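# Topology and contacts: notes
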Amino acid sequence: MSHFSATPLDPLLVTMDIAAGRMSPPGPTMVRRMADLEGLFADQAAWARSVESDNPVVYEVSSSPVPEVPRELPHSITTIFPGACSNELYMTKGHQHPDPQGEIYLGLSGVGGLLMYDGTRTEWLEMRPGTIGYIPPGWAHRSVNTHDEPYRFLAVYPGGAGHDYGWVLKHGMGSRVVARDGGVHLLPDPR
Ligand code: S6P
Ligand code: ZN
């Protein structure tokens, strides 16, 4: 996501429409379709078929107007829709913050998981409405929808941390999250 103004904002009341995954007043919104997740799902042939058939929306991000600049705390609602590519559950691209700083996720609706990877260890937190997932500095993070309704969470993160998507493309997340035999499983993904 890229943002606009470097001018600090005045105090701001933001209202979340959790059912819609929107914020008011609104800031930037982003839609990620299957085509935007190239190279991320294990089954590349299934990914290509999905892109060619209807290129579904996998997730959306709606931000408040707080900009991604140092010292500000931008925040956004991510909605991951239910679904899978082959049997790998719908997920965000995942990223590292090049300036390592912590981040907070708050579960809003639905059920999902917060997958984190520090290059050696993988951690998985189950996220439900009201749970907070803490992402320590230096851990790459990806979110996954593990159920059959939209999974929504609020993210609050340091505006100067930046976003590096190439790191996850290159190193993966240590594990993949798949639906199999009626359950959700983490499979090792060594690189
Ligand atoms: C930003 C924070 C989230 C994600 C969002 C989409 O630091 O972690 O707002 O941007 O969940 O995920 P991704 O990996 O596509 O940015
Ligand atoms: Zn982040």
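Report follows, based on the coordinates. (Residues numbered from 1 in each chain as written. Chains lettered and ligands numbered in written order. Predicted model: local features only at pLDDT ≥ 70, side-chain atom pairs only at ≥ 80, totals over all residues. Heavy atoms only, no water.)

Next up on the list: the overall build of the chain. Counting secondary structure elements, the chain contains two helices and 15 strands. Against the compact-globule benchmark of 16 Å for 191 residues, the chain has a radius of gyration of 16 Å, which places it among compact chains. Along the first, second and third principal axes, the C-alpha set of the chain runs to 50 × 35 × 30 Å. Expressed as a percentage of contacts within the chain between residues at least 6 apart in sequence, the contacts between residues at least 24 apart total 68%. For the chain, the accessible area works out to roughly 9200 Å², and carbon and sulfur atoms hold 53% of it. (Helix = DSSP H or I, 4+ residues; strand = E, 2+ residues; numbered from the N terminus. Rg over C-alpha atoms; globule rule 2.2 N^0.38 Å. Contact = heavy atoms within 4.5 Å. Areas by Shrake-Rupley, 256 points an atom, 1.4 Å probe, with all protein chains shown as cover.)

A four-donor tetrahedral metal ideally has 109.5 degree angles, and a six-donor octahedral metal ideally has angles of 90 or 180 degrees. Coordination of the zinc ion (ligand 2) by the protein is provided by His95 (NE2), His97 (NE2), Glu103 (OE) and His141 (NE2), with metal-donor distances spanning 2.1 to 2.2 Å. Because the angles between the six donor atoms bound to the zinc ion (ligand 2) fall within 70 to 172 degrees, the donor set is best described as octahedral. Here the donor residues of the zinc ion (ligand 2) share one chain and are spaced in sequence as H-x1-H-x5-E-x37-H. Placement of His97 in the loop between β7 (88–89) and β8 (103–109) and of His141 in strand β12 (residues 140–145) is noted, with a sequence separation of 44 residues between them. Given the relative accessible area of 4%, His97 is considered buried. (Donors = N, O, S within 2.8 Å, 3.2 Å for Na, K, Ca; no water. Tetrahedral: all angles 85-135°; square planar, octahedral: opposite > 155°, others 65-115°. Buried < 20%, exposed > 50% of the residue type's maximum accessible area, 1.4 Å probe, protein only.)

Our focus in this paragraph is the site of ligand 1. Taken together, 17 residues form the shell around ligand 1, and within it Tyr59, Thr78, Glu103, Tyr105 and Tyr165 come nearest. Between Tyr105 and ligand 1, the recorded distance is 2.6 Å, taken from a side-chain N or O atom to an oxygen atom. Interatomic distance of 2.9 Å between a side-chain N/O atom of His163 and an oxygen atom of ligand 1. Against a free-state accessible area of 390 Å², the protein chains account for coverage of 99% of ligand 1. (Near = heavy atom within 4 Å. Polar contact = N/O pair within 3.5 Å; in protein donor to acceptor, adjacent residues only side chain to side chain.)

So, on to the sheet that holds strand β10 (residues 122–127). Spatially, three strands are ordered β10-β9-β12 in an open sheet, and the strand pairing comes out antiparallel. Since the sheet does not close on itself, it has two edges, and those belong to β10 and β12, each with one partner. On average, adjacent strands in this sheet sit at an angle of 20 degrees to one another, irrespective of strand direction. (Pairing = 2+ DSSP bridges. Axes fitted to C-alpha atoms, helices over the stretch in contact; angles between N-to-C directions.)

Next up on the list: the side chain of His97. One polar contact links His97 to His141, side chain to side chain, over a distance of 3.1 Å. The contacts of His97, once residues within four sequence positions are left out, are Glu103, His141, Ala161, Gly162 and His163.

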